[in-house]
Amino acid sequence: MSVRQHWRLAAAALALAVATGCGADGAEPATSDGASDTRVFSADNGEIDIPVAPERVVATGYAVPVLIEADAALVGISTWKRGLTMMTGQDRATYDRLPKVAGELAAETNYEAIAAAKPDLIVIGVPKPVLGDIDMKRLESIAPVVAIGPKLPDAWREVSRKQVDAAGRAAHFEATRTAYEKKAGELKARYGDVLGRLKFGHLGAYGEVAKGNFHREFAGSWGTNIAQDVGVNYYGQVKAKGGGALDVTEYPALEELPESLGEADAITYTLEADGSPGEAVQHVLDSALWKNLPAVKAGRVFPLAHTEASTYESALTTLEALDKAFAPLLAR
């Protein structure tokens, strides 16, 4: 039995237990007479009255993958192309089946499609600054809306917990988090000693070749935060914090590569879903400046797949990729 199959069985057992007790975060369960059919939920957009057990949920952004995994009562979702390769076959089938009521961007929200889905809860999973691209009043006229989005890339842990809680599926979250933490602990025990002796840098996927820059990610960013759970130490920080993801990531000119990553004992870099470097990453890998970095000359370069996981289940895939990437360290 795989780790994923195990946590899904555990989730079912936990759900049964929760059904006979109190709801998540101390919320009282619904009663047969309807006296406790709503609760107050704290979200980015305030204190919102929501159903205790939503029966028709619309999810967008970061809420999409975690609510699919938790078997929430979804009736419409936004697209979530970045996470498709990390979905199980069952979850991908659910994703493909569900009506798409929004695109990849918050501005691509289809309000008519959301209204047609007749939701009793709408979970908006975008960062708070992006809420300005959404007509919240229009959504609120359709159903209760909770906005739950990440402030930083590594905030997916708490964000996904709150999203699942809002949808009434907290038991499923606990099971998959336990599976992830167990696997991460095993890998940290296996690689922690050797990883802890190295200062790592990370080359991300969002550099722009036309602008002549590259993407440096620091601790807490997309490409680094899961690797940190197995003992990787990413050194340094951005030169100037710009808020949100710009607090943990920056875009120096390619000429600054030696200054940016010259102190690194080892470097990880992001791969595309198919296991190959993207154009922006390949542009750096082909440069003479890259080839002359001390970490590259020492052969301590580790390509990482599935770095943009935003749920504990998808992060299990990232852990598998980390295990494969760091295996050569134990052979030295």
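See above for the structure.
Now for a description of the structure that goes with this document. (Residues numbered from 1 in each chain as written. Predicted model: local features only at pLDDT ≥ 70, side-chain atom pairs only at ≥ 80, totals over all residues. Heavy atoms only, no water.)

## Notes on the pattern of salt bridges
Consideration 1: Considering all chains together, one arrives at 13 salt bridges under this definition.
Consideration 2: Put simply, Asp 229 and Arg 157 hold a salt bridge, and the shortest N to O gap is 2.7 Å. Of the two residues, Asp 229 is situated in the loop between helix H8 (225–228) and strand E10 (249–250) and Arg 157 in helix H6 (residues 156–166); the sequence distance between them amounts to 72 residues.
Consideration 3: Between Arg 177 and Glu 174 there is a salt bridge, with the nearest N and O atoms lying 2.6 Å from each other. Placement of both Arg 177 and Glu 174 in helix H7 (residues 170–195) is noted, with a separation of three residues, approximately one turn of the helix.
Consideration 4: Using a relative accessible area of 23% as the deciding quantity, one classes Arg 177 as partly exposed. (Salt bridge = Lys/Arg side-chain N within 4 Å of Asp/Glu carboxyl O. Helix = DSSP H or I, 4+ residues; strand = E, 2+ residues; numbered from the N terminus. Buried < 20%, exposed > 50% of the residue type's maximum accessible area, 1.4 Å probe, protein only.)

## Considering the environment of Tyr 95
Consideration 1: You can see Tyr 95 is positioned in helix H3 (residues 89–97).
Consideration 2: Under the relative-accessibility criterion, Tyr 95 is labelled buried at 5%.
Consideration 3: Each C-alpha atom, one on Tyr 95 and one on Pro 65, is 8.3 Å from the other, the two residues being 30 residues apart in sequence.
Consideration 4: From its side chain, Tyr 95 meets the backbone nitrogen of Trp 80 in a polar contact 2.9 Å long. (Polar contact = N/O pair within 3.5 Å; in protein donor to acceptor, adjacent residues only side chain to side chain.)

## With respect to the packing of aromatic side chains
Consideration 1: Applying the stated rule across the entire model yields twelve aromatic pairs.
Consideration 2: Aromatic side chains Tyr 269 and Trp 290 sit 6.3 Å apart centroid to centroid with 85° between the ring planes, which places their arrangement in the edge-to-face category. Of the two residues, Tyr 269 sits in strand E11 (residues 266–270) while Trp 290 sits in helix H11 (residues 288–291), which places them 21 residues apart along the sequence. Each member of the pair, Tyr 269 as well as Trp 290, carries the same accessibility label: buried. (Phe/Tyr/Trp six-rings, centres within 6.5 Å; stacked < 30°, edge-to-face > 60°.)

## Some points on the packing of H7 against helix H13 (residues 312–330)
Consideration 1: Relative to each other, H7 and H13 sit at 15°, their axes nearing to 10 Å. Looking at the two axes, H7 sits roughly parallel to H13. You can see that H7 and H13 cross each other, and the crossing is left-handed. From H7, Phe 173, Thr 176, Arg 177, Ala 179, Tyr 180, Lys 183, Ala 184, Leu 187, Arg 190, Tyr 191, Val 194 and Leu 195 reach across to H13, where they touch Tyr 312, Glu 313, Ala 315, Leu 316, Leu 319, Asp 323, Phe 326, Ala 327, Leu 329 and Leu 330. (Axes fitted to C-alpha atoms, helices over the stretch in contact; angles between N-to-C directions. Parallel < 35°, antiparallel > 145°, perpendicular 65-115°, else oblique. Left-handed = near helix turned anticlockwise from the far one by under 90°. Contact = heavy atoms within 4.5 Å.)

## Here we look at H6
Consideration 1: Most of H6 is tucked away, with eight of its eleven residues classed as buried.
Consideration 2: Of the residues flanking the end of H6, it is Gly 168, one or two places downstream, whose phi is positive at about 75°.

## Thoughts on the packing of H6 against H7
Consideration 1: Direction vectors running N to C along H6 and H7 enclose 150°, while the axes themselves pass 8 Å from each other. Looking at the two axes, H6 sits roughly antiparallel to H7. Of the two elements, H6 crosses H7, and the hand of that crossing is right-handed. Contacts between H6 and H7 pair Arg 157, Ser 160, Arg 161, Val 164 and Asp 165 from the former with Ala 170, Phe 173, Arg 177 and Tyr 180 from the latter.
Consideration 2: When its residues are assigned to classes, the contact of H6 with H7 shows four nonpolar, one polar and four charged. (Nonpolar A, V, L, I, M, F, W, Y, C, P; charged D, E, K, R; others polar.)

## Some points on the pairing of strand E8 (residues 200–203)
Consideration 1: Burial along E8 is two-sided: Phe 200 and His 202 facing one way and Gly 201 and Leu 203 facing the other are all buried.
Consideration 2: In this sheet, E11 lies alongside E8 in parallel orientation, the contact comprising four bridges. Paired with Leu 203 across the strands is Tyr 269, a residue of E11.
Consideration 3: Bridge count between E8 and strand E9 (residues 216–217): two bridges; the pairing is antiparallel. If you follow Leu 203 over to E9, its bridge partner there is Arg 216. (Pairing = 2+ DSSP bridges.)

By themselves, these are just geometric observations and shouldn't be taken as functional.
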